[in-house]
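Coordinates in review
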Amino acid sequence: MDESWDFIALQASPIEVTAVLAAVEDEQTGGVAFFLGMTRRETKSGLELLGLDYEAYPEMALRQMRAIAHKAREKFPVRKLAIVHRTGPVPVGKPSVVVAASGVHRAEAFEACRFCIDALKKEVAIWKKEVWSDGSGSWSEPKSGD
Amino acid sequence: MKIRLKMFAMLRERSGVGEIVLELPAGATVSQALGALEKRYGGLAELLPRAATAVNLCAAGEATILRDGDELALIPPVSGG
């Protein structure tokens, strides 16, 4: 398996988990690790978070996501990888990003999945704006461990 | 020469534009382009030091020399995921 099998995308439409799973399935796979990053409910000085609004530099973000998948393949013997991130508004409770990795055994699937989401959050040209119940918005500051 | 300059997230909001064309002398650097930008959009001054730069989708530094038609992007700290 090489990177031509990888499913790397930015999309404005909701993430279809079954489509992402289908993209990493194959008959040599003994395990698929799957990570969904969700928009979590938060409050701030009496305001409710309604959702997040994602902006990307698409050409750069896709190139960086492909580079992360390439690096994951160098480090772990994975079969197929999928990295899909949403752009635009994502309501609370819905996924904004998905990473899936399949391997002959579970260890490489878990490790590659973790590596890809950690690298994506640190490196990829995507920004989130928090949208609050009074209509205000604030650009999220990157936090470690978030 | 002319370059295209792209801004994202808080930089885009603060300036009110996502993309502008900058007219620069031949051989101008990224640093000179940022100087020209700051002159036009004073409100960006405090945000620029935290922004990384990329030229034609590759990471670039302040000393990188620009060419006619280049795409310079200002990339504030990322927060995807």
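Our structure is the block above this text.
Definitions and limits used
Residues numbered from 1 in each chain as written. Chains lettered and ligands numbered in written order. Predicted model: local features only at pLDDT ≥ 70, side-chain atom pairs only at ≥ 80, totals over all residues. Heavy atoms only, no water. Helix = DSSP H or I, 4+ residues; strand = E, 2+ residues; numbered from the N terminus. Rg over C-alpha atoms; globule rule 2.2 N^0.38 Å. Buried < 20%, exposed > 50% of the residue type's maximum accessible area, 1.4 Å probe, protein only. Areas by Shrake-Rupley, 256 points an atom, 1.4 Å probe, with all protein chains shown as cover. Lys, Arg positive; Asp, Glu negative; His and termini not counted. Charge placed at Lys NZ, Arg CZ, Asp CG, Glu CD. Phe/Tyr/Trp six-rings, centres within 6.5 Å; stacked < 30°, edge-to-face > 60°.

Structural notes on the overall build of chain A
Regarding its fold elements, chain A presents 3 helices and 9 strands. In chain A, the succession of α and β elements from N to C terminus is β-α-β-β-β-α-β-β-β-α-β-β. In summary, chain A has a C-alpha radius of gyration of 16 Å against a globular reference of 15 Å for 146 residues, a match within 12%. A principal-axis box enclosing the C-alpha atoms of chain A has dimensions of 50 × 25 × 25 Å. Going through the 146 residues of chain A one by one, you find that 47% of them count as buried. Per element, the accessible surface of chain A, about 7,500 Å² overall, is 53% carbon and sulfur. Taken together, the 19 basic and 21 acidic charged side chains of chain A have centroids lying 3 Å from each other.

Some remarks on the packing of aromatic side chains
Under the defined criterion, the tally for this structure stands at 3 aromatic pairs over all chains. On the basis of an interplanar angle of 65° and a centroid distance of 6.1 Å, the ring pair of Phe76 of chain A and Phe115 of chain A is categorised as edge-to-face. Placement of the pair is Phe76 of chain A in the loop between helix 2 (58-75) and strand 5 (78-86) and Phe115 of chain A in helix 3 (residues 106-123), with a sequence separation of 39 residues. Just as Phe76 of chain A is buried, Phe115 of chain A falls in that class too. Summarising the aromatic geometry, the rings of Trp127 of chain A and Phe8 of chain B are spaced 5.1 Å apart at their centres and angled 10° between planes, so their arrangement reads as stacked. Highlighted residues: Trp127 of chain A in strand 8 (residues 126-132) and Phe8 of chain B in the loop between strand 1 (2-7) and helix 1 (9-15), drawn from two different chains. Here the aromatic residues Tyr57 and Trp127 of chain A together with Phe8 of chain B are joined through ring pairs into a cluster of three or more.

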